[in-house]
Amino acid sequence: MKLKFKVTEQLIKRVVLWAIVVALVWIFGSVIVRSYGSGHKLSNNTLLDDIVPMGIYKEYLDQYPNAAYPEGVDIKLLPEEVFDTTFSTKDYTEEFGLISLNTTSEGYATWKVTIAQAGFYNIYIDYIPEIDRGTDIERRIKLNGEVPYDDLENVAFQRVWGDGGEKIVDVTGNEIKPRQVEIPTRRVAYVRDTIGYVTEPYLIYFPQGENELTIESVRETMSVFSVHVASKEAYPTYQEMVEHYEQQGYQKVSGEVTAYYDDPESIWIEGEDAVLRSSPTIYAISDRSSVYNSPSDPVRIILNSIGGPKWSNPGDWITWEFTVPETGLYNISLRARQSTSRGLFSTRKVYVNGEIPFAEALNTKFIYASDWSMVTLGSDTEPFYFYLEEGVNQITMEVSLGDYGTQINRVQQIIDDLNATYRRIIAITGINPDKYTDYFLTDRIPNLLETFENAADELDDIAQTITEISGEKSSETASLETMGVQLRNFVRRHRTIQQNLGSFSTNISALGTWILTVSSQALTVDYIMVHSDDVNLPKANPNFFRGTWFGLRAFFGSFFFDYSSIGTTELNEEAPTIEVWLL
C-alpha cells in the first residue's frame, strides 16, 4: 500500500514553529546546565618567552655581542661608601638599624665599584620613599659619567599607598571608600622599563676594573639604604623548586586548612582588604554583578572587590596580608574576572613575602571570561604549591605584559619606522597631494617599498604570534592585518601611495591604539584563598535560578531605593538648605 504525504503550508508552519520551540528549549536548557558548572580554572603559568629588545636598548646590547653574564655577583654600595655626592645622610637606626642617603629632588651620588669580570649586570636599589609631592620618584643612571642608553634617563621608583582609615557607611548602608594616603614603606626595586615593554630588569655593561656609578635625581625624594650591582636576575623553575621542597622536607598541609586576614573564622582574604598598593587610584570598588560576590547586595553600594580598569598599567601592584595557621605547602586561588580584553589574557607577577618564588610566577595568566572564575595558580595540568611559614605572610600581584611585551615592542618599532616614512612622503607630496601627479616616491625615497614589505611581513608574524600566545584568534589583531594589507597594496601598486595617505596615517594611529589596548591588563579580584589542596573551593558563579532571583531583586529594589541619600553620613533636619539653579 502506498502512503501519500502532502506538504501543506500549515504543516510547514507547524514544523518551523516546533523547530523554534525545540531550539529555544535546548538553548535555555544548556544555559541552565552550564550555570551549574564550578568555574574552576588553572592559571596556566608558563615560562616567559625570551625577551627580544628593540630600538635603542637593542642597539646598546648589540655593541657587546660576546659579553658575559657573570653569576653569583651582588656588590653592595652603602651610603658611607659614596665617593662624591650633594646629598646628606638620614638616620634610620631606630626603624631599620641603618643610615640612609637622603636623595632629594636635585643632586647626585657617585660610588666607585670594582668589577672582577666584565659583562652585563642588573642594578637594584634598597630605598624608602620620603614624603614629597606624591608622584613617582625618578632617577637618572650614569656609568663612568655617561648615560648608557636613553631608557636610563628616567627610571621610576614607586611610592606605596593604602587606606587612610576605615570605610565610611552612609545613612542607607552604602559604603564609601576611605581616602588614600601614602604609607612610607621600605622597598627593593630593580632598574627596569617604566612602560613595561621590557619585562625583565635592564642590563648594563660594566667593564672590568674600577667604574663610577652615579644616581642622579630627576624628581621627588627617597632615602637610599644601598645600591646593588648584581648578576642578571634569574629564578629557579617550578620543578626545581619542587625538588628543593623535597630536599628540605617541606610537607603539604592537610585537613582543609585556610588562611585568613583578620577573622580566623573566614576562609578567604577579601580583595578590598589589600593593605598596600602602588597607586592612589587603586582602591576598593563595588561590584553588583553576582550574588556570589563577597559581600553582596542587590541595590546598595558595597565595596567588595578591587582592581578592574584601575589596576591595568604595567608595574602597578597590590599586596594582601594574611595569616596561615601552620607551616607547609599551600595552594593559592582567586575569585577573579578579566572581562575587558576579549581573546587576550591579563598577566600578573606573583610575589610571596616580597620574592618571586619560581620563574613561572612571573607569567600568571587570567584569560578572558564574561563571568567570574575561581583561578588556582598553576600550570595547565596541576596547581602550584607555595611554601609558607606559620604566622603573617604577604602576597603581591604586579601587572605585567608577560608574553605580550616583546610583541608590543615590535609594533612600537614598526610605528616609529612608518611614521618616519610618512613624514618623508609628505615632505615631498604635502598633506593633500594631487592624486593625478606622479611624485616618483620610489625613486626619491630610498628603500621605500622594501620598508613597506618588511613592515607587512613583521605585522603578519606578530598577528600570528599573538594568536599562538593567546590560544585563540582575537579581534584585536584586525588593526595589524589591516595595515599589513595596505602596505602590500602599496608594494604592488606604488602609485596609489599618494592617493591613500589619509588612510595610511589612520592605520598608523590604529596601531598605536592597538598598543594601548593590549597594554591594558585589567583584572578584578573578589577574594583570595590560601588553602590546603583538600579544600573544596566554592563555585565561581551562582546557578541560573539564584542569579535570576538576584537580578530581579536588584531590578525591583531600584524603584524603592533612595539614591538621593547616597553619600549622606548624617541626617540633620534642622540644617539649612539651599536651592540651586543650573542654567
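First things first, this report covers the structure right here in the doc. (Residues numbered from 1 in each chain as written. Predicted model: local features only at pLDDT ≥ 70, side-chain atom pairs only at ≥ 80, totals over all residues. Heavy atoms only, no water.)

A word on the overall build of the protein chain
- The helix and strand tally for the protein chain stands at nine helices and 29 strands.
- C-alpha atoms of the protein chain, sized along the principal axes, occupy 105 × 75 × 70 Å.
- Within the span of the protein chain, comprising 583 residues, buried residues form 47% of the whole.
- Contacts in the protein chain between residues at least 24 apart in sequence constitute 81% of all its contacts with a sequence separation of at least 6.
- Here the protein chain has roughly 29800 Å² of accessible surface; of this, 51% comes from carbon and sulfur atoms.
- Charge separation in the protein chain, taken as the distance between the mean sites of 48 positive and 82 negative side-chain charges, equals 13 Å. (Helix = DSSP H or I, 4+ residues; strand = E, 2+ residues; numbered from the N terminus. Buried < 20%, exposed > 50% of the residue type's maximum accessible area, 1.4 Å probe, protein only. Contact = heavy atoms within 4.5 Å. Areas by Shrake-Rupley, 256 points an atom, 1.4 Å probe, with all protein chains shown as cover. Lys, Arg positive; Asp, Glu negative; His and termini not counted. Charge placed at Lys NZ, Arg CZ, Asp CG, Glu CD.)

Digging into the environment of Leu344
- Along the chain, Leu344 turns up in the loop between β23 (328-337) and β24 (345-352).
- Judged by its relative accessible area of 4%, Leu344 is buried.
- Placed 25 residues apart in sequence, Leu344 and Ala369 show a C-alpha to C-alpha distance of 9.8 Å.
- Apart from the residues lying within four places of it in its own chain, the contact partners of Leu344 are Gln338, Ile367, Tyr368, Tyr404, Ile466, Ser470, Ser474, Glu476 and Val518.

Here's the deal with the packing of helix α6 (residues 448-470) against helix α7 (residues 478-492)
- Remark: α6 packs on α7, axes separated minimally by 8 Å, with the N-to-C direction vectors making an angle of 155°. Classified by the angle their axes make, α6 and α7 are roughly antiparallel. Pair α6 / α7 crosses with left-handed handedness. Of the residues in α7, those touching α6 at Leu449, Phe452, Glu453, Ala455, Ala456, Asp457, Leu459, Asp460, Ile462 and Ala463 are Leu480, Glu481, Met483, Gly484, Leu487, Arg488, Phe490 and Val491.
- Split into classes, the residues belonging to the contact of α6 with α7 amount to twelve nonpolar, one polar and five charged. (Axes fitted to C-alpha atoms, helices over the stretch in contact; angles between N-to-C directions. Parallel < 35°, antiparallel > 145°, perpendicular 65-115°, else oblique. Left-handed = near helix turned anticlockwise from the far one by under 90°. Nonpolar A, V, L, I, M, F, W, Y, C, P; charged D, E, K, R; others polar.)

Remarks on a nonpolar patch on the surface
- On the surface, Trp549, Leu552, Phe555, Phe556, Phe559 and Phe560 cluster together into a nonpolar patch covering about 760 Å² of accessible area.
- Inspection of the secondary structure puts Phe559 in the segment after α9 (544-557).
- The exposure class of Phe559 is exposed, given its relative accessible area of 56%. (Patch = residues over 30% accessible without salt bridge, like charges linked within 9 Å, V, L, I, M, F, W, Y side chains within 5 Å. Salt bridge = Lys/Arg side-chain N within 4 Å of Asp/Glu carboxyl O.)

What about the pairing of strand β6 (residues 108-115)?
- Here strand β3 (residues 84-85) runs beside β6; their pairing, made up of two bridges, is antiparallel. Paired with Asp84 across the bridge in β6 is Thr110.
- Of the strand pairs in this sheet, β6 and strand β16 (residues 209-219) are connected by eight bridges, and their pairing is antiparallel. The partner of Lys112 across the bridge, within β16, is Glu212. (Pairing = 2+ DSSP bridges.)

What about the side chain of Asp287?
- Here Asp287 is to be found in the loop between β20 (284-286) and β21 (303-308).
- Classification of Asp287 by relative accessible area gives buried; the value is 12%.
- Only 2.4 Å separates the side chain of Asp287 from the side chain of Ser289, close enough to count as a polar contact.
- Apart from residues lying up to four places away in sequence, Asp287 is in contact with Asn293, Ile302, Asn304, Ser305, Arg337 and Trp372. (Polar contact = N/O pair within 3.5 Å; in protein donor to acceptor, adjacent residues only side chain to side chain.)

Quick notes on the pattern of salt bridges
- A complete count under the given rule lists 23 salt bridges for this structure.
- Residue Lys90 is joined to Glu130 by a salt bridge in which the shortest nitrogen-to-oxygen separation is 2.9 Å. Of this pair, Lys90 sits in strand β4 (residues 88-92) while Glu130 sits in the loop between β7 (119-129) and β8 (137-143); the two residues are 40 residues apart in sequence, bridging distant segments of the chain.
- Given a relative accessible area of 31%, Lys90 falls into the partly exposed group.
- When the shortest N-O distance is used, the salt bridge between Lys142 and Glu216 registers 3.0 Å. Here Glu216 lies in strand β16 and Lys142 lies in strand β8, a separation of 74 residues in the sequence.
- Taken together, the shared-partner salt bridges connect Arg133, Arg159, Glu182 and Glu220 into one network.

Here's the deal with the packing of aromatic side chains
- Evaluation of the coordinates by the stated rule reveals 31 aromatic pairs.
- Look at Trp311 and Trp320: their rings are 6.3 Å apart centre to centre, the planes differ by 70°, and that puts the pair in the edge-to-face class. In terms of burial, Trp311 and Trp320 fall into one category: buried.
- Ring-pair connections join several aromatic residues into one group, and the members of that group are Tyr57, Tyr60, Tyr64, Tyr69, Phe120, Tyr149, Tyr202 and Tyr205.
- When the ring centre of Phe225 is taken as origin, the NZ or CZ atom of Arg186, which lies over that ring, is 4.7 Å away. (Phe/Tyr/Trp six-rings, centres within 6.5 Å; stacked < 30°, edge-to-face > 60°. Lys NZ or Arg CZ within 6 Å of the ring centre and 35° of its normal.)

Digging into helix α2 (residues 55-62)
- Within the span of α2, buried status applies to Gly55, Tyr57, Tyr60 and Leu61.
- Next to the buried residues of α2 lie β7, β15 (204-206) and α4 (404-429).

Remarks on the packing of α4 against helix α8 (residues 501-519)
- Running from N to C, α4 and α8 cross one another at 160°; their axes reach a closest spacing of 10 Å. Comparing the axis directions of α4 and α8 gives the class roughly antiparallel. Crossing of α4 over α8 shows left-handed handedness.
- Classifying every residue of the contact of α4 with α8 by side-chain character gives 16 nonpolar, seven polar and no charged.

Focus: α8
- Between its first and last C-alpha, α8 extends 27 Å over 19 residues, near the 27 Å set by a 1.5 Å rise per residue.
- Those residues of α8 not exposed but buried are Leu501, Phe504, Asn507, Ile508, Leu511, Trp514, Ile515, Val518 and Ser519. One side of α8 holds all its buried residues, which, seen down the axis, span an arc of 120°. In α8, the exposed positions that point more than 90 degrees away from the buried face belong to Thr506 and Leu516.
- On its buried face, α8 sits against α4, α6 and α7. (Expected span 1.5 Å × (residues − 1). Arc of directions from axis to C-beta.)

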